[in-house]
Amino acid sequence: MLESTIAAIEPLDEAAMAEARELHGRLTKPAGSLGALEELSVRLAGLAGACPPPLPGAPAVAIFAGDHGVHAQGVSPWPQEVTAQMIANFLAGGAVVNAFARQAGAAVTVVDVGVATPIPGAPADPVSGAPAVPLDPAVPRLIGATVRRGTRDFTVTAALTRDEARAGVEAGIRVAGELIAAGAGILLTGDMGIANTTPAAALIAAFTGADAAEATGRGTGVDDPTYRRKVEVVRTALDRHRPDPADPLGVLAGVGGLEHAALAGLILGAAARRVPVLLDGVIAGSAALAAAAFAPDAVGAMVAGHRSAEPGATLALRRLGLEPLIDLGLRLGEGTGALLALPVVTGAVRVLHEVATFDSAGVAEK
């Protein structure tokens, strides 16, 4: 599945992009006056292979959830059980991501790829796939795609085997296909996993060559001693595993998490189907680096929703060549920043659909 998905990912359509640029030049506005929105709409035309590209309807947030053996190193003040408890909150509709999703009319799907503890109120065996039926923004749902109950402590051994990392990536590819078959026109990345900013920092350092201290942030707001310990944990993992950025599966296995692997797969699956993916924060950024290492042309499907306050997020976006649409100092995760950026993406495309040209409006050009 992974190899066939990678093989299906193609470059952006240059002819459609040229047509979109030409159309922007004829619309009733000064050239370049919409700034980054113009280039975004051009890229989306290239992804769709059409000008104008389709409006990004039926948004779907996929929240991949997993736990991390490195939690044992004291890198987060939160108990690991909070991962499962927050999933129950997502399913009950009580989290920030739910509030923002309701505002945007987005469906919320939670995917358990590696949660260590039972999810309160959830069935013992949640549905293992999604039927190709219309998405329901009013009803969050849970998909069971467990690879293992949390990763191993990567300061001691590899977080995952290569087979486990592949299974995580392929779970994400399947979810992308299921959501698109159910009618999703744009996918938004979400994540949940106590301590998951630690493997995210390790992944970003591995793929960008940044020092551990540059790539590591404070996550949920740790104090100075915990932050220093977190940096050393990331450095220890990188020294132990020596991840090779040319081997993305090996990097994910050595220092990644199952939600990071699955998000990489979601991006690859969407790119293969030429559907845009709106990235959230630092977890999504680390996964996007892995996706780009698997298939460089996958970057064409990526839209950076926001700039996370986590320093590694900026490193990841810089390496990917992506500019975030909004910068509000967010560091929550869940998909919240991506949801807030969704109207910006829609607006960028709507301009190409609805704004009159100088000729059609009878407006004189300079």
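This text goes with the structure placed above it.
To keep things clear, this report deals only with the structure shown in the data block. (Residues numbered from 1 in each chain as written. Predicted model: local features only at pLDDT ≥ 70, side-chain atom pairs only at ≥ 80, totals over all residues. Heavy atoms only, no water.)

Taken as a whole, the largest pocket holds about 500 Å³ of empty space. Contributing elements (two or more residues each) for the lining of the largest pocket: helix H4 (82-92), strand S4 (186-192), helix H7 (197-208) and helix H12 (282-294). Among the residues making up the lining of the largest pocket, the classes are represented as 13 nonpolar, eleven polar and seven charged. (1 Å grid on protein atoms, 1.4 Å probe; cavity = no way out; pocket = protein on both sides within 12 Å on 5 of 7 lines; lining within 4 Å. Points joined across faces, edges and corners; volume = space filled by probe spheres on them. Helix = DSSP H or I, 4+ residues; strand = E, 2+ residues; numbered from the N terminus. Nonpolar A, V, L, I, M, F, W, Y, C, P; charged D, E, K, R; others polar.)

Locating Asp13 in the fold gives a position in the loop between helix H1 (2-7) and helix H2 (14-24). You can call Asp13 partly exposed: its relative accessible area is 28%. Distance from Asp13 to Gly66, taken between C-alpha atoms, is 36 Å for residues 53 residues apart in sequence. Each residue touching Asp13, except ones within four places of it in the same chain, is listed here: Gly46, Gly49 and Arg274. Among the polar contacts made by the side chain of Asp13, one reaches the main-chain amide nitrogen of Ala16 at a distance of 3.0 Å. (Buried < 20%, exposed > 50% of the residue type's maximum accessible area, 1.4 Å probe, protein only. Contact = heavy atoms within 4.5 Å. Polar contact = N/O pair within 3.5 Å; in protein donor to acceptor, adjacent residues only side chain to side chain.)

Interaxial distance between H7 and H12 falls to 9 Å at its minimum, and their mutual angle equals 40°. For the pair H7 and H12, the sense of crossing is left-handed. Together, Thr197, Ala200, Leu203, Ile204, Phe207 and Thr208 of H7 and Val282, Ile283, Ser286, Leu289, Ala290 and Ala293 of H12 make up the contact between the two elements. Looking at side-chain class alone, the contact of H7 with H12 contains nine nonpolar, three polar and no charged residues. (Axes fitted to C-alpha atoms, helices over the stretch in contact; angles between N-to-C directions. Left-handed = near helix turned anticlockwise from the far one by under 90°.)

Tallied over the full model, the rule gives zero aromatic pairs. Over the aromatic face of Tyr227 sits the side chain of Arg218, whose NZ or CZ is 4.8 Å from the ring centroid. (Phe/Tyr/Trp six-rings, centres within 6.5 Å; stacked < 30°, edge-to-face > 60°. Lys NZ or Arg CZ within 6 Å of the ring centre and 35° of its normal.)

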